[in-house]
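Fold and contact review
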Amino acid sequence: ILGPDHPDTLLSVCILALVLQSQGKYDESEVMNRRALEGRETVLGPNHPSTLTSVDNLAIVLESQGKYDESEWMNRRALEDSENILGIDHPDTLISVSNLARVLRIQGKYTGSQTMYRHALQGCSK
């Protein structure tokens, strides 16, 4: 009824991606997350908060698949965009900081991870 690119349809795609991820169906979740991200970038624009959420969601499922380099890249994109759009101390930005810190830690990039975790702690303490 609404069409494949309607924001409500894209929200349903995001929810399905999360359900698939919860079931351990990471490949299917990745496909749905990519569809949601592409749709939201087209319909809402790259700077919309919902688009930023889709970037974060895709980064998380990529991490779950062991695609750490791509996850790190997506997390860096999410963080940079969140800082520019929402500000450095916005709660969603701080989630992006923590997500990046986690994937850096998994990759053994401990100095970068520690820096990000300290930034998240400092921001959350405010």
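The structure presented is a predicted model; accordingly, all values stated were derived computationally and were not measured. (Residues numbered from 1 in each chain as written. Predicted model: local features only at pLDDT ≥ 70, side-chain atom pairs only at ≥ 80, totals over all residues. Heavy atoms only, no water.)

On to helix H1 (residues 7-22), then. Since the α-helix advances by 3.6 residues per turn, residues separated by three or four positions end up pointing in the same direction. Compared with an ideal rise of 1.5 Å per residue, which puts 16 residues at 22 Å, H1 spans 23 Å between its outermost C-alpha atoms and is within 8% of the ideal. Thr-9, Leu-10, Val-13, Cys-14, Ala-17, Leu-20 and Gln-21 are the residues of H1 that are buried. All buried residues of H1 lie within an arc of 150° about the axis, which places them on one face of the element. Close packing links the buried residues of H1 with helix H2 (26-43) and helix H3 (49-64). At the C-terminal side of H1, Gly-24 shows a positive phi close to 80°. (Helix = DSSP H or I, 4+ residues; strand = E, 2+ residues; numbered from the N terminus. Expected span 1.5 Å × (residues − 1). Buried < 20%, exposed > 50% of the residue type's maximum accessible area, 1.4 Å probe, protein only. Arc of directions from axis to C-beta. Contact = heavy atoms within 4.5 Å.)

Glancing now at the UniProt feature "signal peptide" (unreviewed entry) in the protein. UniProt marks residues 1-24 with the feature "signal peptide" (unreviewed entry), using the numbering shown here. For the annotated span residues 1-24, helix accounts for 67% and strand for 0% of the residues, and the straight-line distance between the end C-alpha atoms is 30 Å. (UniProt positions renumbered as here; feature names shortened; annotations may be inferred.)

Our next topic: the side chain of Asp-81. Here Asp-81 shows up in helix H4 (residues 68-85). Classification of Asp-81 by relative accessible area gives buried; the value is 18%. If sequence neighbours within four positions are ignored, Asp-81 has contacts with Pro-46, Leu-52 and Leu-86.

On the surface, Leu-11, Ile-15, Leu-16 and Val-19 cluster together into a nonpolar patch covering about 330 Å² of accessible area. Structurally, Leu-16 can be placed in helix H1. What makes Leu-16 partly exposed here is its relative accessible area of 40%. (Patch = residues over 30% accessible without salt bridge, like charges linked within 9 Å, V, L, I, M, F, W, Y side chains within 5 Å. Areas by Shrake-Rupley, 256 points an atom, 1.4 Å probe, with all protein chains shown as cover. Salt bridge = Lys/Arg side-chain N within 4 Å of Asp/Glu carboxyl O.)

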